[in-house]
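Letter by letter, the chains look like this.
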Amino acid sequence: MGFEETRAQSRQLAGSLDCPWREIEVHRFPDGESRVTVPPDVRGTGVVHRSLDRPNDKLVELVLAAETLRRQGCDRLVLVAPYLCYMRQDIAFHPGEAVAQRVVGNLLARYFDALITVDPHLHRIDRLDQAVPLKQVLSLSSATLISRYLATGERKRLLLGPDQESRQWVEAIAAQAGLPCAVASKRRMGDREVGIALPRETGAFEAVVLVDDVASTGTTLAETARLLAQGGVTRIDVVVTHALFAGDAWNRLKQAGVGEVVSTDSISHPTNRMCLAPLLADAVRRCAF
Ligand code: R5P
């Protein structure tokens, strides 16, 4: 089952699984509430696909759908959320701040039996089941998909992660693509303000591919690209798993001198070049049947 905004992706997943596909319909009332209608004929195991970018409405709709599917006879629900929201807020930085990762993880664990996601932003914890307390939690990596995509391009490129958190992704992709990699360091001052220090390796390359899990406001990638261009790098491309692109993120990247931007189809966006369906289908087979 899937929702309207990623209908193509959820249909592809159903196709890869050779399963029937149904839409969960959402009507948004003028006052912001949602009417959710699930298909009437789902029994046994139900697989619900929904990426949780722009998550607040989607989370409520997911809960409404899950509750209703159970009432109608689903005894096992698998959530496939290629992008898993609220993973970056993993501690309270100030007194009184909600640790959203834990709260949202507990919420999802109450309504679903299993969760499958891709490249979740795990920073201060090692395993996803520490955030989403379920027996079956599959955290997939898009490294193979991305490395295959990059392997078809120019060989003399440096893969650069913009901050320490990106090390996990950039190193995995570089190892599989057979490309060199390095990691910059970042200090965040605000939503749209970061300070980046480039590693010395960047001086030896004319072409750099920036690799990160998400482009949100685009600030991290744009500031890194700006410094690279200033230092003489002539070609700067970007690859991300999750194309969030909030607000003017796209323009920021372009103004900073970024060339090609590509992403997986975890979130529908014109930069989508890599299809996650086969990877997700393999994971669903492992935990749903
Ligand atoms: C943070 O550690 C993440 O990996 C991303 O670098 C970050 O969330 C990107 O956010 P923005 O695009 O707003 O700089």
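Everything below is about the structure shown above.
Scoring rules and cut-offs
- Residues numbered from 1 in each chain as written.
- Predicted model: local features only at pLDDT ≥ 70, side-chain atom pairs only at ≥ 80, totals over all residues.
- Heavy atoms only, no water.
- Buried < 20%, exposed > 50% of the residue type's maximum accessible area, 1.4 Å probe, protein only.
- Helix = DSSP H or I, 4+ residues; strand = E, 2+ residues; numbered from the N terminus.
- Arc of directions from axis to C-beta.
- Contact = heavy atoms within 4.5 Å.
- Near = heavy atom within 4 Å.
- Polar contact = N/O pair within 3.5 Å; in protein donor to acceptor, adjacent residues only side chain to side chain.
- 1 Å grid on protein atoms, 1.4 Å probe; cavity = no way out; pocket = protein on both sides within 12 Å on 5 of 7 lines; lining within 4 Å.
- Sits in = over half its atoms within 2 Å of the grid points.
- Points joined across faces, edges and corners; volume = space filled by probe spheres on them.
- Nonpolar A, V, L, I, M, F, W, Y, C, P; charged D, E, K, R; others polar.

1. Let's talk about helix α5 (residues 167-177)
Step number 1: Looking at α5, one finds that the buried residues are W169, V170, I173, A174 and A177. Across the axial projection of α5, the buried residues extend over an arc of 120°, all falling on one side.
Step number 2: Here the buried face of α5 lies against α4 (143-151), β7 (158-161), β8 (181-183) and β11 (207-215).
Step number 3: Just downstream of α5, G178 is the residue with a positive phi angle, here 70°.

2. Considerations on the site of the ligand
Step number 1: In the vicinity of the ligand lie 15 residues, with D212, D213, T217, G218 and T220 positioned nearest.
Step number 2: A distance of 3.3 Å separates an oxygen atom of the ligand from a polar atom in the side chain of D163.
Step number 3: Between the ligand and R188, the relevant distance is 2.9 Å, taken from an oxygen atom to a side-chain nitrogen or oxygen of the residue.
Step number 4: Its atoms largely coinciding with the cavity grid, the ligand occupies the largest pocket.
Step number 5: Elements with a minimum of two residues in the shell around the ligand: β9 (185-190), β11 and α6 (219-230).
Step number 6: Broken down by element, the residue count for the shell around the ligand peaks at 4 residues, all from β11.

3. Considering empty space enclosed by the protein
Step number 1: Taken as a whole and assessed by the stated rule, the structure comprises 2 cavities of 30 Å³ or more.
Step number 2: In this structure, the largest cavity occupies an estimated 60 Å³ of space.
Step number 3: Lining the largest cavity we find Y83, L84, M87, R88, V118, D119, P120, H121, D213, V214 and H242.
Step number 4: Among the residues making up the lining of the largest cavity, the classes are represented as 6 nonpolar, 2 polar and 3 charged.
Step number 5: In this structure, the second largest cavity encloses a volume near 50 Å³.
Step number 6: As for the second largest cavity, its lining consists of Q9, Q12, H49, P82, D265, S266, L276, A277 and L280.
Step number 7: Broken down by secondary-structure element, the contributors of at least two residues to the lining of the second largest cavity are α1 (7-17) and α8 (277-288).
Step number 8: Broken down by class, the residue content of the lining of the second largest cavity amounts to 4 nonpolar, 4 polar and 1 charged.

In short, geometric facts, not functional conclusions.
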